[in-house]
Amino acid sequence: MTEPILSIRNLVVEIKTRHAILKAVDCVSYDIAPGEILGVVGESGAGKSMAGNAVIGLLSKPFSVADGEIWLKGRRIDNLSREKMRRLRGKEIGVVFQDPLTSLNPLIRIGDQLVETIMEHLKLSKKEAERRAISALEEVGIPAAAKRVNSYPHEFSGGMRQRVVIALALCAEPSLIIADEPTTALDVSVQAQIIALLKRLCRERGTAVMLITHDMGVVAETANRVAVMYAGRLAEIGPVRDVLTNPKHPYTDGLMGSTPAAAIGLEKLRQIPGSMPRLARLPKGCAFSPRCNRATDKCVQDPPPDLTAGEGYAACWYSLKTECTG
Amino acid sequence: MLAYIIRRVFQSVIVLLVVGLVAFAMFRFVGDPIENMLGQERTQEDVERLRSKLGLDQPFVFQYWKFLKAAVQGDFGVSYRQGRPVAEILIERAPSTLELAAVSGTLAMLFGLGLGVYTAIKRNGWVSNLIMTTSLIGVSLPTFLIGILLIYVFSVELGWLPSYGRGETVTVGSWSTGFLTSSGLKALILPSITLGLYQMTLIMRLVRSEMMEVLRTDYVRFARARGLRESAVNFKHALVNTMVPVTTVIGLQLGSIIAFAIITETVFQWPGVGLLFINAVQFVDIPVMAAYLMLISVLFVGINLVVDLLYFIIDPRLRANGVGAH
């Protein structure tokens, strides 16, 4: 097995509130191999973005990495100084945020935003950086790139802006892209284009991708593997085909049943009863146990067995596979 | 853009016409000037003669037109008290007010911006908290009290700085300046602090809150995620966006510095336009009051116009004029 680009080990992200210390991410581990796209799915507040922010070192005030390790290409990065971490961002880890309308500085030409990023990370002259900015725009499919570098963000449509954002994330050729809900704010027709673009660029360059989303359709379309998060913990992780067609964790199963595209053929869109517990009131055992229809006393009392990063695992005492065969 | 400028200029002219109407109305409603000009032993004939000589028997609109025509040519009539043309008196007094306003405006802007940016970036430092607390004094203490306090400390107790007047002045052309003598410069210190302190704290608090807002936006987060230096994030990305709303307020504050100079000039017996106005009010010297009113409104409207045009330079979204803008 090749060395993973990103490797997260037992990551814990804490929120310090006045009353207590809560765990927004609790003991999460996963790897991303070169060229691999890992989909990270879960409801809002499940901690999926938090893990991404921890990797790029941009957790802000009440949040902090409390435990665990983050390795990038064999180098531990969670304990780097702020300055070293800053140099890593953009250079080794590119980031694409959710809303392209607000990700670009409205008062600065996109060419200048590209050039400043390129010159920050690569030793190039202004001229060379400008040339590179144009080719970066061409690569993401902006027509008449040489002219458009002088445009301001508001002169682009939403989809085009997300292309610019992707160009910005990729312009220093990072080995890892963290895409945090990259298509959520876009029209459905544009979503597919952006996903295809991201997929193509990463395949061409062998860039690893952490694709954070709540859209099961996007994951099915794009990811090689998928990690399902629930209340800060990993519920299930495995190859995308296995997890989507044959989920082992009852939560994943419920999630699939409540996804329209996946639920075609079912008589009715199923829903998972209740809602995700607040971090301050996590149940003692399995966090999903209050909503799980097969929970037993054991589930209520003891947290499920730890996930070890491997091919496919579900953090459940009675994972569905074993149940189904029985 | 041209259409916009024309529209703004047109609006400005309308505002000035309305102010002119108010100024003109003062002549008619603050007593009958004929009564004031003729003594007790007047005949009805005298009254009629003077009335027609001054054109006061003509229709209101016609008189207003004449007033405007004269005002545009810089003729505001003759001061009742000094018996000299008002324009001449104003030109004589203007340099001292303008110098005072320029110095305190520059101080307010430099310190307001600097401290505002500093307290926004170092949000929770004790220096920031100290500055913020102290700034409450500047916002809440009335100007005259600050002036009197400064006079008490620096003139009466310490004896370092003069308590009133402009010091020695040097006349350059028709402009009498206090910048070229040491006593003139010394005399400027206390009045300009008094006049600028309120504006400074106002600008500072505004810059701080706007900048903190901007620092929370996605594009600042994205700029960080691209690995840009803190200095580039703060001073390039955040500051430019902070300046959009701040420019308007700074512009208007510069106008009100000249208008507020009335109080400061009274406290320090500063021989400027404000003091002239206060004296004119005491003696019901209506031509001087009317001219002052017109002057201040021209100033405000002019500054407003400049600020609106500055918007175009700062914010490209306004320049778009519908091309590609949504």
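Cut-offs and rules
Residues numbered from 1 in each chain as written. Chains lettered and ligands numbered in written order. Predicted model: local features only at pLDDT ≥ 70, side-chain atom pairs only at ≥ 80, totals over all residues. Heavy atoms only, no water. UniProt positions renumbered as here; feature names shortened; annotations may be inferred. Helix = DSSP H or I, 4+ residues; strand = E, 2+ residues; numbered from the N terminus. Buried < 20%, exposed > 50% of the residue type's maximum accessible area, 1.4 Å probe, protein only. Areas by Shrake-Rupley, 256 points an atom, 1.4 Å probe, with all protein chains shown as cover. Lys, Arg positive; Asp, Glu negative; His and termini not counted. Charge placed at Lys NZ, Arg CZ, Asp CG, Glu CD. Contact = heavy atoms within 4.5 Å. Buried area = accessible area lost by both parts, 1.4 Å probe. Salt bridge = Lys/Arg side-chain N within 4 Å of Asp/Glu carboxyl O. Polar contact = N/O pair within 3.5 Å; in protein donor to acceptor, adjacent residues only side chain to side chain. Nonpolar A, V, L, I, M, F, W, Y, C, P; charged D, E, K, R; others polar. Expected span 1.5 Å × (residues − 1). Bend = angle between axes of the 7 residues up to and from the residue. Axes fitted to C-alpha atoms, helices over the stretch in contact; angles between N-to-C directions. Parallel < 35°, antiparallel > 145°, perpendicular 65-115°, else oblique. Left-handed = near helix turned anticlockwise from the far one by under 90°. Pairing = 2+ DSSP bridges. pLDDT = per-residue confidence, 0-100. Patch = residues over 30% accessible without salt bridge, like charges linked within 9 Å, V, L, I, M, F, W, Y side chains within 5 Å.

- Per an unreviewed UniProt entry, chain B goes by ABC transporter permease and derives from Kiloniella spongiae.
- For the record of chain B, the UniProt heading Subcellular location (unreviewed entry) holds the text "Cell membrane".
- Looking at chain B in UniProt, the text filed under Sequence similarities (unreviewed entry) is "Belongs to the binding-protein-dependent transport system permease family."

- The name that an unreviewed UniProt entry assigns to chain A is Methionine ABC transporter ATP-binding protein, with the source organism given as Kiloniella spongiae.
- UniProt lists a comment for chain A under the heading Sequence similarities (unreviewed entry), and it reads "Belongs to the ABC transporter superfamily."

### Let's talk about the overall build of chain B
Right, so step 1: Looking only at helices and strands, chain B has 13 helices and two strands in total.
Right, so step 2: Overall size of chain B, expressed as C-alpha extent along the three principal axes, is 85 × 60 × 35 Å.
Right, so step 3: Split into buried and exposed, the 326 residues of chain B put 40% on the buried side.
Right, so step 4: Carbon and sulfur atoms form 68% of the exposed surface of chain B, whose accessible area is close to 17100 Å².
Right, so step 5: Within chain B, one finds 26 positive and 21 negative side-chain charges whose respective centroids are separated by 14 Å.

### With respect to the interface of chain B and chain A
Interface size, as often reported, equals the accessible area lost upon joining of the parts.
Right, so step 1: Every contact between the two is made by 26 residues of chain B and, on the other side, 29 residues of chain A.
Right, so step 2: Summed over both partners, the interface of chain B with chain A comes to about 2500 Å²; 57% of that surface belongs to carbon and sulfur atoms.
Right, so step 3: The largest per-residue losses of area from chain B upon contact with chain A belong to Arg221(B), Phe222(B) and Arg226(B), which jointly make up 26% of the total buried on that side.
Right, so step 4: One salt bridge in this structure joins Arg226(B) and Glu116(A), with 3.3 Å as the shortest N-O distance.
Right, so step 5: At the junction of chain B with chain A, the criterion picks out 13 residue pairs in polar contact (both at pLDDT 80 or more).
Right, so step 6: Of all the secondary structure elements, the ones that give two or more residues to the side of chain B that touches chain A are helix H9 (218-225), helix H10 (230-267) and helix H13 (316-319) of chain B.
Right, so step 7: Its residues assigned to classes, the side of chain B that touches chain A comprises 11 nonpolar, five polar and 10 charged.

### Looking at helix H5 (residues 86-121) of chain B
Right, so step 1: For H5(B), with 36 residues, the first-to-last C-alpha span of 50 Å sits near the 52 Å given by 1.5 Å per residue.
Right, so step 2: The axis of H5(B) is deflected most strongly, by about 35°, at Ala94(B), and proline Pro95(B) appears within four residues downstream.

### Let's talk about the packing of H5(B) against helix H6 (residues 126-140) of chain B
Residues and elements named next belong to chain B.
Right, so step 1: Axis separation between H5 and H6 bottoms out at 9 Å; the angle between their running directions is 130°. One element, H5, and the other, H6, form an angle in the oblique class. Along this stretch, H5 crosses H6, giving a crossing that reads as left-handed. For the pair formed by H5 and H6, the contact residues are Leu115, Tyr118 and Thr119 on the first element and Val127, Ser128, Ile131 and Met132 on the second.
Right, so step 2: A class-by-class count of the residues in the contact of H5 with H6 yields five nonpolar, two polar and no charged.

### Description of the side chain of Lys48(A)
Residues and elements named next belong to chain A.
Right, so step 1: Relative to the elements of secondary structure, Lys48 occurs in helix H1 (residues 48-56).
Right, so step 2: Separated by 3.2 Å, the side chain of Lys48 and the backbone oxygen of Gly42 make a polar contact.
Right, so step 3: Dropping the residues within four chain positions of it, Lys48 is found in contact with Val40, Val41, Gly42, Glu43, Glu181, Ile212, Thr213, His214 and Met229.

### Brief notes about the sheet that holds strand E4 (residues 63-72) of chain A
All names here are of chain A.
Right, so step 1: In space, the four strands of this open sheet follow the order E2-E1-E4-E5, with antiparallel pairing throughout. One side of each edge strand has no neighbouring strand; the edge strands of this open sheet are strand E2 (21-32) and strand E5 (75-76).
Right, so step 2: Where strand E1 (residues 6-16) meets E2, eight bridges bridge the pair, whose relative direction is antiparallel. Among the inter-strand pairings, Lys16 is bridged to a residue of E2, identified as Ile21.
Right, so step 3: Packed on one face of the sheet, H1 meets E1, E2 and E4 and runs near 110° to E1.

### Regarding the confidence of the model for chain A
Right, so step 1: Looking at chain A, the pLDDT average stands at 82 and 92% of residues meet or exceed 70.
Right, so step 2: Contacts from residues 322-326 of chain A, a stretch scored under 50 in pLDDT, to residues over four places away or in other chains number two contacts.

### A word on the sheet that holds strand E3 (residues 37-41) of chain A
Across a sheet, strands are paired by hydrogen bonds formed along the backbone, either parallel or antiparallel in direction.
Residues and elements named next belong to chain A.
Right, so step 1: The mixed open sheet is built from seven strands, whose spatial order is E6-E7-E8-E3-E9-E10-E11. On the outer flanks of this sheet lie strand E6 (93-96) and strand E11 (313-314), each paired with one strand and no other.
Right, so step 2: Summarising the sheet, strand E10 (residues 233-239) and E11 pair through two bridges and their orientation is antiparallel. Looking at the pairing, Ile237 lines up with Tyr313 of E11.

### Re the environment of Val240(A)
Residue and element names in this part refer to chain A.
Right, so step 1: Looking at where Val240 falls in the secondary structure, it is placed in helix H10 (residues 240-245).
Right, so step 2: Taking the C-alpha atoms as reference points, Val240 and Gly39, separated by 201 residues in sequence, lie 8.3 Å from one another.
Right, so step 3: In this structure Val240 touches Val219, Ala220, Ala223, Asn224, Arg225 and Val226, once residues within four positions along its chain are discounted.

### Here's the deal with the pairing of E10(A)
Residues and elements named next belong to chain A.
Right, so step 1: The buried count for E10 comes to five of seven residues, which makes it a mostly enclosed element.
Right, so step 2: Both strand E9 (residues 225-230) and E10 contribute to a ladder of six bridges, which runs antiparallel. Counted as the bridge partner of Met229 is Leu234 from E10.
Right, so step 3: In textbook terms, the turn of a hairpin is the stretch between consecutive antiparallel strands, and for E9 and E10 this stretch comprises two residues, one of which, Ala231, has a positive phi near 50°.

### Topic: the UniProt feature "transmembrane region" (unreviewed entry) in chain B
Right, so step 1: Summarizing the sequence annotation, UniProt attributes the feature "transmembrane region" (unreviewed entry) to residues 12-30, 100-118, 130-154, 238-262 and 291-314 of chain B in the numbering used throughout.
Right, so step 2: Spanning residues 130-154 of chain B, this segment combines 92% helix with 0% strand, and its end C-alpha atoms are found 23 Å apart.

### Regarding the pattern of salt bridges
Right, so step 1: Under the defined criterion, the tally for this structure stands at 23 salt bridges over all chains.
Right, so step 2: A salt bridge links Asp26(A) to Arg233(A); the shortest N-O distance between them is 3.4 Å. A residue pair is termed long-range when its members are at least 10 positions apart, and Asp26(A) in strand E2 and Arg233(A) in strand E10 qualify at 207 residues.
Right, so step 3: Each of Glu83(A), Arg86(A), Arg87(A), Glu120(A) and Arg229(B) takes part in one network of salt bridges that share partners.

### A word on a nonpolar patch on the surface
Residues and elements named next belong to chain B.
Right, so step 1: Residues Phe144, Leu145, Ile148, Leu149, Phe260 and Ile263 make up a contiguous nonpolar surface patch of about 500 Å² in total accessible area.
Right, so step 2: A per-element tally of the nonpolar patch places helix H7 (residues 143-157) first, with four residues.
Right, so step 3: Along the chain, Ile263 turns up in helix H10.
Right, so step 4: A residue is classified by how much of its surface remains accessible, and Ile263, at 34% relative accessible area, is partly exposed.

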